Amino acid sequence: MSQFKPRVFSGIQPSGDLHLGNYLGAIKRFVPLQDTHDCIYCVVDMHAITVWQEPEDLRQSTLELTAAYLAAGLDPKKSIIFNQSQIKEHAELAWVFNCIARVGWMQRMTQFKDKAGKNSENVSLGLFAYPSLMAADILLYKATHVPVGDDQKQHLELTRDIAQKFNNDFAKSIKANGHDEEFFPITEPLIAGPATLVKSLRDGSKKMSKSDPSDMSRIVLTDDSDTIAKKIKKATTDPEPLPSEAKGLEGRLEAANLVGIYAALSGKGVDEVLAEFGGQGFGAFKPALAELAVSELAPMNAEMRRYLADPAEIENILRDGAGRARPLAVQTIDQVRDIIGFVR
């Protein structure tokens, strides 16, 4: 991949009610990469409509997610920040990839199976082809790295397969059009650290999710300090004290979740956290976790509210980012058209 400029791409769906899992699993990880990589961060609103979205809710969720990006520390001068639907080339490349990818590849995607459940015949075609659009998002900018959690690793593998198949299928045309043999990079994952997958505060066997009927199961990024502290103090635990090392958390899902959250918020390893709190009960640990969570999330909450009070500022940032992303996207699409034989 030496011929490709190192570049990071990632995107999050604007699905409303951003929670602690979104922050620790993705947004918090994005910020330091700005200082080491050329970064593009997208609000993937085209992915959001693979399931029905109320139009006004989608607009508001797009603004809220962008506000969260900015409040967490993403700098629109360092990174390109935009919403996907402003760049039509995402959809065009996705169609090309729909013709490259195989149906069998899509059928193996576990996320599709999870979301479709027993109703797979009645979900949208877009939900089935979602990973092809994700591949287009990444490869449109020839991104060499994508920060991913465990739930997206399979999709990135598919992106790599699509890139490899395109490079192989059109190898002769790629060379004839003056490009290196690898037209698309074989994108590498940047695997996130601890607490990549934050669990429900009510049930440690389930992922933290906005769809959980209990508000107490999740910390929403717009929660105020009192609400954050209350939810942590009421989180489900067990009666045993915390162990002194990580292996002592085996089988203790709720305890492992809270320790993982503390580790991710503090930037410490799980063993470091347990060295500090091992032997103590949750009566001591929960207040410490609540204090840490409030200290990290309250300033972000306030900054999000500041941005959301001026939607025009957010919209201007997204338009500016789209203006910077568009030349990169157009260049790739023009080259793809030549390679596959479209007349233009």
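Residues numbered from 1 in each chain as written. Predicted model: local features only at pLDDT ≥ 70, side-chain atom pairs only at ≥ 80, totals over all residues. Heavy atoms only, no water.

A. Molecular detail of the packing of aromatic side chains. Here the structure, examined in full by the defined rule, presents 13 aromatic pairs. When the ring of Phe 166 is compared with that of Phe 183, the centres are 6.0 Å apart and the planes differ by 40°; the resulting orientation is tilted. Of this pair, Phe 166 sits in helix α8 (residues 153-169) while Phe 183 sits in the loop between α9 (171-176) and β5 (188-191), and the two are 17 residues apart along the sequence. Like Phe 183, Phe 166 is buried. Here Tyr 262 and Phe 285 contribute two aromatic rings whose centre-to-centre distance is 5.5 Å and whose plane-to-plane angle is 35°, an arrangement assigned as tilted. Linking Tyr 262 in helix α11 (residues 253-266) with Phe 285 in helix α13 (residues 282-308), this pair joins segments that are 23 residues apart in sequence. The exposure class of Tyr 262 is buried, given its relative accessible area of 8%. (Phe/Tyr/Trp six-rings, centres within 6.5 Å; stacked < 30°, edge-to-face > 60°. Helix = DSSP H or I, 4+ residues; strand = E, 2+ residues; numbered from the N terminus. Buried < 20%, exposed > 50% of the residue type's maximum accessible area, 1.4 Å probe, protein only.)

B. A look at the nonpolar core. Leu 20, Tyr 23, Tyr 69, Ile 261, Leu 265 and Phe 285 are the most contacted members of the largest nonpolar core, which has 58 residues in total. For this core, the leading source of residues is α13, giving 10 residues. With residues near it in sequence (within four places) discarded, Leu 20 still touches Gly 25, Val 198, Met 208, Ile 219, Leu 221, Ile 261, Leu 265 and Leu 297. One finds Phe 97, Leu 158, Phe 184 and Ala 329 within the second-largest nonpolar core, a separate group that totals 44 residues. (Core = buried A, V, L, I, M, F, W, Y, C linked by side-chain atoms within 4.5 Å. Contact = heavy atoms within 4.5 Å.)

C. The arrangement of the environment of Ile 339 in detail. Following the sequence through the fold, Ile 339 ends up in helix α14 (residues 311-340). Since its relative accessible area comes to 3%, Ile 339 is described here as buried. For Ile 339 and Leu 125, which are 214 residues apart along the polypeptide, the C-alpha to C-alpha distance reads 27 Å. Ignoring sequence-local partners within four residues, the contact set of Ile 339 consists of Phe 166, Phe 170, Ser 173, Ile 174, Asn 177, His 179 and Phe 183.

D. Representation of the environment of Lys 206 in the model. By secondary structure assignment, the location of Lys 206 is in the loop between β5 and α10 (225-233). Remark: the alpha-carbon pair of Lys 206 and Ser 217, spanning 11 residues in sequence, is separated by 9.7 Å. Not counting chain neighbours up to four residues away, the residues in contact with Lys 206 comprise Lys 199 and Ser 200.

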